[in-house]
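As a plain string of letters, each chain reads:
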Amino acid sequence: MAGLSWGGHQTFAFGLTNMDKFSWFGSFSGAIFMNEQAMKTAYDGVFADADKFNKDVNLLFIGAGSAENMGTAGLSAMLAKNGFEHEYYISEGTAHEWLTWRRCLHQFAPKLFK
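Basis of the calculations
Residues numbered from 1 in each chain as written. Predicted model: local features only at pLDDT ≥ 70, side-chain atom pairs only at ≥ 80, totals over all residues. Heavy atoms only, no water. Helix = DSSP H or I, 4+ residues; strand = E, 2+ residues; numbered from the N terminus. Rg over C-alpha atoms; globule rule 2.2 N^0.38 Å. Buried < 20%, exposed > 50% of the residue type's maximum accessible area, 1.4 Å probe, protein only. Contact = heavy atoms within 4.5 Å. Areas by Shrake-Rupley, 256 points an atom, 1.4 Å probe, with all protein chains shown as cover. Lys, Arg positive; Asp, Glu negative; His and termini not counted. Charge placed at Lys NZ, Arg CZ, Asp CG, Glu CD. Patch = residues over 30% accessible without salt bridge, like charges linked within 9 Å, V, L, I, M, F, W, Y side chains within 5 Å. Salt bridge = Lys/Arg side-chain N within 4 Å of Asp/Glu carboxyl O. Pairing = 2+ DSSP bridges. Right-handed = clockwise from strand over helix to strand, strands pointing away.

Visitor: What exactly am I supposed to notice about the overall build of the chain here?
Guide: Within the chain, the secondary structure is distributed over six helices and four strands. For the chain, the N- to C-terminal ordering of α and β elements is β-α-β-α-α-α-β-α-β-α. The C-alpha radius of gyration computed for the chain amounts to 13 Å, which stays within 12% of the reference 13 Å derived for 114 residues, consistent with globular compactness. The dimensions of the chain, computed from C-alpha atoms along their principal axes, are 35 × 30 × 20 Å. Per-residue burial over the chain gives 43% buried out of 114 residues. Residue pairs in contact within the chain that sit at least 24 positions apart in sequence constitute 70% of those at least 6 positions apart. Element-wise, carbon and sulfur atoms account for 55% of the exposed surface of the chain, whose accessible area totals about 6100 Å². Seen as two clouds, the 9 positive and the 11 negative side-chain charges of the chain have centres 4 Å apart.

Here it is as structure tokens:
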């Protein structure tokens, strides 16, 4: 499951709370803000256990333009610090726009077909 902008946020909200149906996730410029305290309970607690998450999730891809602030840098740093495997991509010189999302898709899509 993947989405851009609000769809990136919805990918987290819907996909991560339905882990019995989804295991590949892409958020392109999704507004996802959380702190470490909220992380343990967000999305039905999917971020409470890094080992389980890493076993169950094939890919968590988070991308954004370098000129936007959708919370992705902080989210990626927090996930990495807590042992959650994910890929973080920055589209240099772009903002909340089509070029960002095309670049994110270009990075994300091939990983689905390996």
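Visitor: Whenever I open this one, a nonpolar patch on the surface confuses me. Can you help?
Guide: Together, W24, L112 and F113 make up a nonpolar patch on the protein surface, roughly 310 Å² of accessible area in all. Within the element layout of this structure, W24 appears in strand β2 (residues 24-28). Assessed through its relative accessible area of 30%, W24 is described here as partly exposed.

Visitor: Got a minute to help me understand the pairing of strand β3 (residues 59-65) in this structure?
Guide: On a regular strand, one side chain projects to one face of the sheet and the next to the other, so that they alternate. Most of β3 sits out of view: seven of its seven residues are buried. Residues L59, F61, G63 and G65 of β3 are buried on one face, and the alternating residues L60, I62 and A64, pointing to the opposite face, are buried as well. Of the strand pairs in this sheet, β2 and β3 are connected by five bridges, and their pairing is parallel. Paired with F28 across the bridge in β3 is G63. Here β3 runs beside strand β4 (residues 87-91); their pairing, made up of five bridges, is parallel. Within β4, the residue paired with G65 across the bridge is S91. Viewed along the sheet, the connection from β3 through helix α5 (residues 72-81) into β4 turns out right-handed.

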